[in-house]
Amino acid sequence: MTTYLTTGCAGFIGTTFVHYMLSRYTDIRIINLDALTYAGNLENLKDLEDDPRHIFVHGNICDKELVAKLIADYDPDYIINFAAESHVDRSIANPEIFVTTNVMGTVNLLQRAKEAWYDAGQKTWKSGKKYVQVSTDEVYGALGAEGFFTETTPINPHSPYSSSKASADHFVKAFHDTYGMPVNITRCSNNYGHFQFPEKLIPLMINNAKNHKQLPVYGDGMQIRDWLYVEDHCKAIDMVATAGRVGEVYNIGGHNERPNIFIVKTIIHQLSERLHDPEINEGLIKHVEDRLGHDRRYGIDPSKIKADLGWYPETTFEVGIVKTIDWYLDNQEWMERVTSGEYQKYYAEMYKNR
Ligand SMILES: NC(=O)c1ccc[n+]([C@@H]2O[C@H](COP(=O)([O-])OP(=O)(O)OC[C@H]3O[C@@H](n4cnc5c(N)ncnc54)[C@H](O)[C@@H]3O)[C@@H](O)[C@H]2O)c1
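None of these values were measured; they are calculated from a predicted model.

Rules behind the numbers
- The numbers attached to residues start from 1 for each chain and follow its sequence in the written order.
- Selection of residues for local features in this predicted model requires a pLDDT of at least 70, selection of side-chain atom pairs for listing and counting requires 80 or more, and totals for whole chains, interfaces and linings are taken over all residues.
- In DSSP terms, a helix is any run of H or I states spanning at least four residues, a strand is any run of E spanning at least two, and both are numbered starting from the N terminus.
- The globule rule is 2.2 Å times the number of residues to the power 0.38, and the radius of gyration it is compared with is taken over C-alpha atoms.
- Each residue is classified by how many other C-beta atoms fall within 10 Å of its C-beta atom, where C-beta atoms are placed from the backbone; a count of 20 or more means buried, 12 or fewer means exposed, and values in between mean partly exposed.
- Contact definition: two residues whose C-beta atoms, as placed from backbone geometry, lie within 7 Å.
- The term nonpolar core refers to a group of buried residues, namely Ala, Val, Leu, Ile, Met, Phe, Trp, Tyr and Cys, whose C-beta atoms join them within 7 Å.
- Residue proximity rests on one test: whether the C-beta atom, placed from the backbone, lies within 6 Å of the molecule or strand.
- Put simply, Ala, Val, Leu, Ile, Met, Phe, Trp, Tyr, Cys and Pro go in the nonpolar bin, Asp, Glu, Lys and Arg in the charged bin, and everything else, Gly too, in the polar bin.
- A pair of strands is treated as paired once DSSP finds two or more bridges between them.
- Interaxial angles span 0 to 180 degrees and are taken between N-to-C directions of axes, which are lines fitted to C-alpha atoms, for helices over the stretch in contact.
- For this classification, under 35 degrees means roughly parallel, over 145 means roughly antiparallel, 65 to 115 means roughly perpendicular, and everything else is oblique.
- Here a crossing is called left-handed whenever its near helix is offset anticlockwise from the far helix by less than a right angle, and right-handed whenever the offset is clockwise.
- For a helix, the expected span equals 1.5 Å multiplied by the residue count minus one.
- To get the bend at a given residue, fit one axis to the seven residues ending there, fit another to the seven starting there, and take the angle between those axes.

Draft legend 1. Here's a closer look at the overall build of the protein. For the protein, the count of helices and strands is 12 helices and 15 strands. In terms of overall size, the protein behaves like a compact globule, its C-alpha atoms giving a radius of gyration of 20 Å where 354 residues would be expected to give roughly 20 Å. Looking at the protein residue by residue over its 354 residues, the buried ones come to 45%. Put simply, 82% of the contacts in the protein that link residues at least 6 apart link residues at least 24 apart.

Okay, here's the thing in structure tokens:
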């Protein structure tokens, strides 16, 4: 039995990771530590309520005693850290919580894992253990019209969010370089897919357009992001955890670069066609003042993960965006419960007697 201690897996990507792993492997268990901030939605994992391979723990990655106890009780083979404050706009408004969770939380996980896995006298690590940090391409800063981020591109973050993720990455590297800790860092491009909180571009635009609300587009909308279907990201994390060379960074992306305005127009046309609703049209687009320090272009070179691990993205943007729109249309109750805040009551109701 392989044991994973994952963090932040009531969020968008983590939810998909739990489903992805449990649908592929029988002999695993996932201890899912999540603080259930506004971004954590345990309803996303409702189908696993009675699955003994998924153990949910409500708690904070900054909690020293709790993290130490989980490592002692469950003896995980892998610790995979998804937990983060993840929204750039929120980081511009309130940077401090980003330092607390993204930096201090990561250091707490590293330090507790080191205490459990490292024999300081012998300077050896328990075999078969690894820490994986789920990071982002945003740590590299912005690109011009040419070129791609490789793993050796200098770290040059601009937003408080990307700065906190970059800082966490440096600590992960420091634990490897200083103590020899077995680690990997993954740096993925923008994800899209089901279960994404509707403050992020794609679900926000789907929800607004469906309800004939304005579609706020930052600046000229020509900011380019490299979009990856969330399951392809999860597949990469699984491969890096089990087969990634210790100490290495892996960039993850599928060469699906699209300007934001293209994404918004695609959503408008797809929705209008599917719902036979001519009121969903480009007249809903409203250009608003650009985000402060907005990076112009991100683009990943995924050659290393392809060559080392044989990873490749399975879902093209054209297929993935249609799947995603269909999911949000088929799960309107999910969207209503998230936008009304009802989803936050689920934990209290479900776990009151556990
Ligand atoms: N979304 C993307 O496009 C993208 C791309 C690349 C990398 N990433 C990284 O992937 C990870 C997951 O991103 P996401 O989009 O799923 O984020 P998300 O905001 O949807 O989910 C974050 C989860 O972390 C939990 N959390 C927050 N603070 C916590 C704390 N202190 N202790 C325990 N749990 C806490 C939240 O409750 C939530 O369930 C993040 O580390 C993010 O930086 C995201």
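Draft legend 2. Quick look at the nonpolar core. Ranked by internal contacts, the top residues of the largest apolar core, which has 80 residues, are Phe17, Ile80, Val132, Met205, Ile237 and Ile267. No other element matches the six residues that helix H7 (residues 230-243) contributes to this core. Setting aside its immediate chain neighbours within four residues, Val132 contacts Tyr78, Ile80, Asn81, Asn184, Thr186, Ile237, Val240 and Ala241.

Draft legend 3. Highlighting the site of the ligand. Residues in close proximity to the ligand total 31 residues, the closest being Gly8, Gly11, Ala39, Gly40 and Ala84. Of all the secondary structure elements, the ones that give two or more residues to the shell around the ligand are helix H1 (12-24), strand S2 (28-34), helix H4 (96-117) and strand S7 (130-136). Looking at the shell around the ligand, its residues break down into 15 nonpolar, 13 polar and three charged.

Draft legend 4. Representation of the pairing of strand S13 (residues 249-252) within the structure. The side-chain alternation of S13 yields two buried faces, one formed by Val249 and Asn251 and the other by Tyr250 and Ile252. In this structure, strand S8 (residues 183-188) lies alongside S13, joined through four bridges in parallel fashion. Of the residues in S13, the one forming a bridge with Cys188 is Ile252.

Draft legend 5. Representation of the sheet that holds S2 in the model. The sheet built from seven strands is open, its strands ordered S3-S2-S1-S4-S7-S8-S13 with parallel pairing. The open sheet has two free edges, formed respectively by strand S3 (54-58) and S13, since each of these has just one partner strand. Direction aside, the axes of adjacent strands within the sheet are offset by 20° on average. Judged from the six bridges that link them, S7 and S8 form a sheet pairing that is parallel.

Draft legend 6. Region of the structure containing the packing of helix H6 (residues 201-210) against helix H8 (residues 260-275). Interaxial distance between H6 and H8 falls to 10 Å at its minimum, and their mutual angle equals 40°. One element, H6, and the other, H8, form an angle in the oblique class. Crossing of H6 against H8: the hand is right-handed. Residues Leu201, Ile202, Met205, Ile206, Ala209 and Lys210 of H6 pack against Asn260, Ile263, Val264, Ile267, Ile268 and Leu271 of H8. Each residue belonging to the contact of H6 with H8 can be placed in one class, and the counts come to 10 nonpolar, one polar and one charged.

Draft legend 7. Focus on the packing of H4 against helix H5 (residues 160-179). H5 packs onto H4 with a crossing angle of 15° between their chain directions and a minimal axis gap of 8 Å. The angle between H4 and H5 falls in the class roughly parallel. Crossing handedness for the pair H4 and H5: right-handed. Counting all contacts with H4, which are made through Phe98, Val99, Asn102, Val103, Thr106, Val107, Leu110 and Lys114, the residues of H5 involved are Pro160, Tyr161, Ser164, Lys165, Ser167, Ala168, Phe171, Val172, Phe175 and Tyr179.

Draft legend 8. Seen up close, the environment of Phe17. One can find Phe17 in helix H1. If sequence neighbours within four positions are ignored, Phe17 has contacts with Thr6, Cys9, Phe82, Cys234 and Ile237.

Draft legend 9. Quick peek at H1. Over its 13 residues, H1 runs 19 Å from end to end, which matches the ideal 18 Å to within 8%, given 1.5 Å per residue. Among all positions in H1, only Phe12, Ile13, Gly14, Thr15, Thr16, Phe17, Val18, His19 and Met21 are buried. Next to the buried residues of H1 lie strand S1 (2-7), S2, S3, strand S9 (191-192) and H7.

Draft legend 10. How the structure looks around H4. A rise of 1.5 Å per residue sets the reference length of H4, with its 22 residues, at 32 Å; its end C-alpha atoms lie 30 Å apart and thus fit the reference within 8%. The sharpest bend along H4 reaches about 25° and sits at Met104. Listed in full, the buried residues belonging to H4 are Phe98, Thr101, Asn102, Val103, Gly105, Thr106, Leu109, Leu110, Arg112, Ala113 and Trp117.

Draft legend 11. Focus on unusual backbone geometry. One non-glycine residue with positive phi stands out, namely Asp75, at about 45°. Inspection of the secondary structure puts Asp75 in the loop between helix H2 (64-74) and strand S4 (78-81). Look at Asp75 and you get partly exposed, because 13 C-beta atoms sit within 10 Å.

Draft legend 12. A look at the environment of Thr339. Tracing the chain through its elements places Thr339 in helix H11 (residues 332-340). Put simply, Thr339 and Ile321 are 18 residues apart on the chain and 21 Å apart in space, counted from C-alpha to C-alpha.

Draft legend 13. Highlighting the pairing of S4. Along S4, one buried face is formed by Tyr78 and Ile80 and the opposite face, lined by Ile79 and Asn81, is buried too. One ladder, built from four bridges, connects S1 with S4; its direction is parallel. Across the sheet, the residue bridging to Thr6 is Ile80, located in S4. Across four bridges, the pairing between S4 and S7 is parallel. When the bridges of S7 are listed, Ile79 appears paired with Tyr131.

Draft legend 14. Local environment of the environment of Ala307. Note on placement: Ala307 falls in helix H9 (residues 303-309). Sequence separation of Ala307 and Gln332 is 25 residues, and the distance between their C-alpha atoms is 40 Å.

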